[in-house]
Every structure is written in C-alpha cells, then in structure tokens.
Amino acid sequence: MPSSKPPRIAVIADAHFHDLYADYGFPGLAHGDRRLSFRLLADTARSTRVFNESYFALLHTLDDIAARGIRHVVLLGDYSDDGQVETVRGVRRVLDDYAARFGMRFYATVGNHDIFGAAGRHRAKRFLNADGSYSVVSSDPNVRDRGAREVIASSLMHCEGYPDGLKEMADFGFYPRPGDIHWETPFGRDGDPASRIYDVRSPDGRTTRSLMDASYLVEPFAGVWLLMIDANVFVPADGIVPGEAGDLADSTSAGWNAMLRHKRFVLDWMTNVAARARQEGKSLLAFSHYPVIDPLDATVEDEMALLGRTGMVERIPQAAVAEALIDAGIDIHFSGHLHVNDTARHALDGRFLINIAMPSLVAFPCAYKVISIDERTIDIETIGIDAMPIDADLKWAYEKEVVPSGLDAGGMLDVADYGGFVSEHIGHLVGRRYLKREWPKELAALFRGLDLTDLAVLALMEPLAAPDAVTAAMAARDDAPMRARLADWLSSERFEPTALSGIKALDFLGDWYRLRMGSELALGWISRERLAAYGAVERLYAEAGWANAGSMQGQLALIFRMYGKYAAGLPSGNFRIDRETGSITPIVEAEQGVRQAR
C-alpha cells in the first residue's frame, strides 16, 4: 500500500430510496408547484422500514458526506425501494447530481430489493390521494384492490432483472469506468453482461438457468481494492417452467448460505483476489448485501427456543459461511440487509473474519459509516443522521391521511427530528407487527398487560405456565411479602425499591428491539435509569437460574439473556480493527456524530 494515507470511504446500506417527486404514472398529491408520489403512513406503520422519508434521508446523508470532504461512496445494496424502473432512475439522478457537483464516485452492489432474476418481477404500491383515500399503481395489469379508489397499470413500477436492471446504475461500479486503476469480475476484465454468465440448477437437478453475476473488483485509488460481491442467488424452482410465475426462488432468507451451494465460483475468485492482494500489498475490503456472520450477538438459539424460526432466524448465515470466507483469505466484510448495526468476529485456526453489519438509512438507528485505512489498522466511524428535520411536505401529506382515517401512528408524528421518527417507528412495530406475527399469544398478552416490576416479581415465584403468569403477577401487586422480597433484592443491588416503577413491559420490549437493531447506537435513546433497571432484572433472572423454557419464567429468562447479549456486544460505533491480530477497540472522541445518552 502507498505510504500516503488513502482517501476515506463512506458506506451506505439499505437506503431503499423512494423518489417522492417522481412520476409513477398517476397524478399524485399536488402541493405548491410540485406533485408528491406519497406512500401511505399506514404501510410504514407495519413495515420494518419507512418509505417517504427515504428521499430526504439519502440526500441528507450525501450532503453530510460531501461536507466531510469524502468523495468515495459504497452503496451496499437495496439502494432502491423495490427495484422499480422509475425508482432506480431516481437513484441514478441523485447519484449523477452528487458526482457532478462534488466529484463523488460510487461503488454499488445489488440487494434483494434492487433486481430479480433474468426477467424481473411485478411490483404494486399504494399511494395517497388528496382526499385521504389511496390508489394502487402496479406493473401487473391484473392486480385488484377493493379498497383502492383506482388501480393504475404502469410499466414504471416493474422491477427489472439482470442485466437490464443494472443499466441505470452502469456508472456506479458495475462496469469499467475511466479513472479506475483496476477493474475485473470473476470472469475476467470484460464488463459485457454476456461474458458474466453462470449456470444454476433447481434442487431436483432437472432445470438449469443461465444468469448474470454482477460481482466486481475495483481499485479506485492506489493500494486499495474494493471487492463488491453480488450475493443475490436465484434458484430455479422444481417443476415450474422458466418464465412462469414462481419460476425462481430468491435469496432474501438464504443469503450467503445459498452462495456456498450455488455460486462457489465466486468463492474461488475471492480466494484468488485475496492471494493477489497479499502479494501486491493491496488493502482488500469485501462488501456484499448479506451478512457472513450472525449479527445478533449469538442469540439465534435463544430466539428459536423462544419464538421458533422467525424471519430473522431464517436470514442468519451458518458458521460454514464465515469459515469459507476465512479459507478464502477474507478478513473484513461489510454487510447490510438486516438493518442491524453490529460488529461480529469469527476465529478459525488462528485466522479471523470480521463482519461489520450496517444500519439502514430508513430504520432505527439510521446511520452510515466511514472507513479510514492505515497500513495495519482500519478505523470505522459511525455517523447518525438522526438530527435531520422532518420535511414540511411530509407533515402536510400525513395530515391528509391521518385526519380522515383516524390512523394510530403512535408517537411518530409527535417528534421533532428523523431520529425520533424512526425510534418511535420501531417502538410502534412492537405492538403493530412483532407481537402479532412472531410472539406466542401468551407472551404477547403478558407484555401488553404487565410492567417491569411485575416481570421482576415473576422471577421470585414458583414456575408458572404461560396462561397463569399474568393473573399471578397482577395478584402479586397486592402481596406485601412478595413486594418486600423484591425490595430486599433491589437493595442488595444498591437500587431503590422504586427503581422499576413506571416502566411498562411493552416499553421494555421496545428498548429490547432498539438494542437488537442498534447495539451501541441504541444506548443514546434509552435513559441511564432504564438501562440500569433492565440490567437489574436481567441479573435477577440469571441468579434465579431459570433454565426451563417451558415455564413463563424460563421464557422471560431467555428474553433478558438476549437483552444482555445485545447490550454487551463488540464495539459497533467508532472503533479500530487491527488487521494483524483481529482486535477491535473502541475509539472515544469528543465529537462522534452519534447521540450521547440523554
């Protein structure tokens, strides 16, 4: 690597850009001299990401990157809302603008929302009308929606496949560009899509499809190689004729687990690249949309015992993935997809792999990262965009939906900035989505009806079946001896007897999800008093030795154990990686760009 320090690199994951002012083929909302293609707040309220705010979040992030003098930007997949033709055009317009005004160069890789198979797939979205009703715009003319004022067919809503879906993004790394010192793919130096084809077979071996892989290696400036992996995997479905609906299964859940089975040629190429990087003294960084190490602090087994095979569990890579990358010579990998801010490390025979999981711009905790490369170390800075104000156009449009519909938006519309919006959003999802879809009914009822003191008292009781726990906890509110036992235990931990008062169990669960998704970045959104209270109940359950998940207390013990792991993971805000030892140490600076504890 050259003696001079390389330029810094910004990394943005899961921008899910929706062009609020684009024409998707319907009139939209007239507002001043502009028209808004406005997604429903009702859809945001039950989605794991926000929609309309994505427009301003990407612009705000790029403005911040430009102000810091950073000119190299990685887009880590899911740069578009859902790969719609007009949405991807909107992404290109934004990137072209920043390239022209600031000289930015972008290096993109695809995610599961950006492109699909060879022929693409239909998309349909609900958009707000001026009277508070909605219209559906779909690329499929056969879509019907009884609640919609109208259904409009528009080819602009179609999600393209390979290679057509890359045309608008051609200037952002997928093809060779003037100024690149080096550029290649797993197939050689030719960027032509026809030269980047591989075969993939159905599970029964009867169907073979030829698809494009969009991986590439680029040397944007001397001494640094960016290995941009297309980790999308599309597998032919058994018994379905190519071209018919459902003919390809995507890798939304499988991720790198599917890469090991269906795209081994990419691993072989990565091995070759890593060997050449060592020989030529290049600093190699790997990027793909999907994580290569569990980013949930080794809580998968607990989650399966508690909730079964949730959507998140399905998306966790197996240990074989990390081992394969270590064998390939990869030591640092950046991922998106899960919208989780986390740092994970896997060791094997004295070697290591570190996965830096990136938060999304459109979900809590809304941040991007900056890489500073030195000869032996890499510094990671995490920069929150939570101070971004809520645009007036959004407030104006939300009123048009909320007033006539009476939509319960929780506290999302009562905040001053974007950070508050996504924090309220994830709290709202606890009751609106997670408890309904993923949690057992008995546990959901418990969290809806009890408070933190009740949860602590249950730890002191005899084992209870799920249906009896709520009744027993409520009865214990008038049980003076039981309350005295809890007060004595709290005093032994140097807590006031009232330390747990006033905290609803549902509020704890909201903070549980904030820590799950934000790790270190969540700490600024949870008061020190609450963190201390949660930690006390976590220790209470640990000391009580609850191990039987069949009782309600056993299930609560798992929840608090998972909470403890979320709160105690590796540094994930500002930190330094030693590439020789694999050590990860926090960097404490006066100005971190991330909210401090309130």
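The structure displayed is predicted, hence computed values, not measured ones.

Topic: the side chain of Asp511
Structurally, Asp511 is set in helix H16 (residues 505-518). We classify Asp511 as buried; its relative accessible area is 4%.

With respect to the nonpolar core
Trp256, Tyr418, Trp439 and Phe447 are the most contacted members of the largest nonpolar core, which has 202 residues in total. Considering each element in turn, this core owes the most residues, nine residues, to helix H18 (residues 552-567). Ignoring sequence-local partners within four residues, the contact set of Trp256 consists of Ile229, Ala231, Leu267, Met270, Ser288, Tyr290, Pro291, Val292, Val321, Leu325 and His333. Among the nonpolar cores identified, the runner-up in size contains seven residues, and Ala22, Tyr24, Phe127 and Met157 belong to it.

Remarks on the pairing of strand E5 (residues 105-109)
Most of E5 is tucked away: four of the five residues are buried. As paired strands, strand E4 (residues 72-76) and E5 are joined by five bridges and run parallel to one another. The residue of E5 that forms the bridge with Leu76 is Thr109. One crossover worth recording links E4 to the parallel E5 by way of helix H3 (residues 85-102), and it is right-handed.

With respect to helix H9 (residues 319-328)
Among all positions in H9, only Val321, Ala322, Ala324, Leu325, Ile326 and Ala328 are buried. Each element contacted by the buried residues of H9 is listed here: helix H5 (256-262), helix H6 (264-280), strand E17 (332-335), strand E18 (342-348) and strand E19 (351-357). Among the residues trailing H9, Gly329 stands out with phi positive, at a value near 95°.

Focus: the packing of aromatic side chains
Taken as a whole and assessed by the stated rule, the structure comprises 27 aromatic pairs. Taking the centre distance of 5.0 Å and the plane angle of 40° together, the rings of Phe26 and Phe127 count as tilted. Highlighted residues: Phe26 in the loop between strand E1 (9-12) and strand E2 (29-31) and Phe127 in strand E6 (residues 124-128), separated in sequence by 101 residues. For the residue pair Phe26 and Phe127, the accessibility class agrees, reading buried in each case. With a centroid separation of 5.1 Å and an interplanar angle of 80°, the aromatic rings of Tyr55 and Phe56 are classed as edge-to-face. In terms of burial, Tyr55 and Phe56 fall into one category: buried. Each residue in the set Tyr434, Trp439, Phe447, Trp512, Tyr513 and Tyr566 is aromatic and connected to the rest through ring pairs, giving one cluster. The lysine or arginine in question, Arg34, covers the ring of Tyr21, its NZ or CZ lying 3.6 Å from the ring centre.

Some remarks on the sheet that holds strand E20 (residues 367-373)
Where strands meet in a sheet, backbone hydrogen bonds hold them as pairs that are either parallel or antiparallel. Spatial ordering of the open sheet is given by E5-E4-E1-E20-E21-E22-E23, a layout of seven strands whose pairing is mixed. Looking along the sheet, the strands with just one partner apiece sit at the ends: E5 and strand E23 (584-586). Here the strands of the sheet are splayed against their neighbours by 25° on average, with no regard to which way each runs. Pairing of E20 with strand E21 (residues 377-384) involves seven bridges; the strand directions are antiparallel. For Tyr368, the partnering residue across the bridge sits in E21 and is Ile383. Set on the sheet, helix H2 (residues 53-67) makes contact with E1, E4, E5, E20 and E21; between it and E1 the angle comes to about 170°.

Considerations on the pattern of salt bridges
Counted according to the given criterion, the structure contains 40 salt bridges. Between Asp250 and Arg121 there is a salt bridge, with the nearest N and O atoms lying 3.6 Å from each other. A residue pair is termed long-range when its members are at least 10 positions apart, and Asp250 in the loop between strand E15 (248-249) and H5 and Arg121 in the loop between E5 and E6 qualify at 129 residues. Residue Asp250 is classed as partly exposed on the basis of its relative accessible area, which comes to 26%. Under the relative-accessibility criterion, Arg121 is labelled partly exposed at 23%.

Some remarks on the sheet that holds strand E16 (residues 283-288)
Pairing within the open sheet is mixed, and its seven strands lie in the order E9-E12-E13-E16-E17-E19-E18. Each edge of the open sheet carries a strand with a single partner, namely strand E9 (182-184) and E18. Direction aside, the axes of adjacent strands within the sheet are offset by 20° on average. As paired strands, E17 and E19 are joined by four bridges and run parallel to one another.

Let's talk about unusual backbone geometry
A cis geometry characterises the amide bond from Tyr162 onward to Pro163, with omega recorded as -5°. Considering the arrangement of structural elements, one finds Pro163 in the loop between strand E8 (151-153) and helix H4 (170-174). The omega torsion across Phe364 and Pro365 is 15°, close enough to zero to call that bond cis. Within the element layout of this structure, Pro365 appears in the loop between E19 and E20. Phi at Arg494 is positive, roughly 65°, even though this residue is not glycine. Among the secondary structure elements, Arg494 is positioned in the loop between helix H15 (480-492) and H16. Of note, Ser519 is a non-glycine position whose phi angle comes to about 50°, a positive value. With respect to the secondary-structure elements, Ser519 resides in the loop between H16 and helix H17 (528-544).

About the thresholds
Note on numbering: residues in each chain are counted from 1, in written sequence order. Local features in this predicted model are restricted to residues of pLDDT 70 or higher, and side-chain atom pairs are both shown and tallied only at a pLDDT of 80 or more, whereas totals for entire chains, interfaces and linings draw on every residue. The side-chain values count all of the structure's non-hydrogen atoms but skip hydrogen atoms and water molecules. Helix and strand assignments follow DSSP, with helices taken as H or I runs no shorter than four residues and strands as E runs no shorter than two, numbered in order from the N terminus. We call a residue buried when its accessible area falls under 20% of the maximum for its residue type, exposed when it is over 50%, and partly exposed in between, using a 1.4 Å probe and counting protein chains only. Buried residues of nine kinds, namely Ala, Val, Leu, Ile, Met, Phe, Trp, Tyr and Cys, make up a nonpolar core once their side-chain atoms join them within 4.5 Å. Working rule for contacts: check all heavy atoms of both residues, and any pair within 4.5 Å makes them a contact. Strands pair, by our definition, only if DSSP identifies at least two bridges between them. With the strands pointing away from the viewer, any crossover whose connection runs clockwise from the first strand over the helix to the second is right-handed. Any two rings among Phe, Tyr and Trp, with Trp reduced to its six-membered ring, count as a pair given centres within 6.5 Å; such a pair is stacked if its planes are under 30 degrees apart, edge-to-face if over 60, and tilted if neither. Only when the NZ atom of a Lys or the CZ atom of an Arg is both within 6 Å of the ring centre and within 35 degrees of the ring normal do we say a charge sits over the ring. Simply put, an axis is a line fit to the C-alpha atoms, just over the touching stretch for a helix, and the angle between two N-to-C directions goes from 0 to 180 degrees. What counts as a salt bridge is simple: a side-chain nitrogen of Lys or Arg found within 4 Å of a carboxyl oxygen of Asp or Glu.

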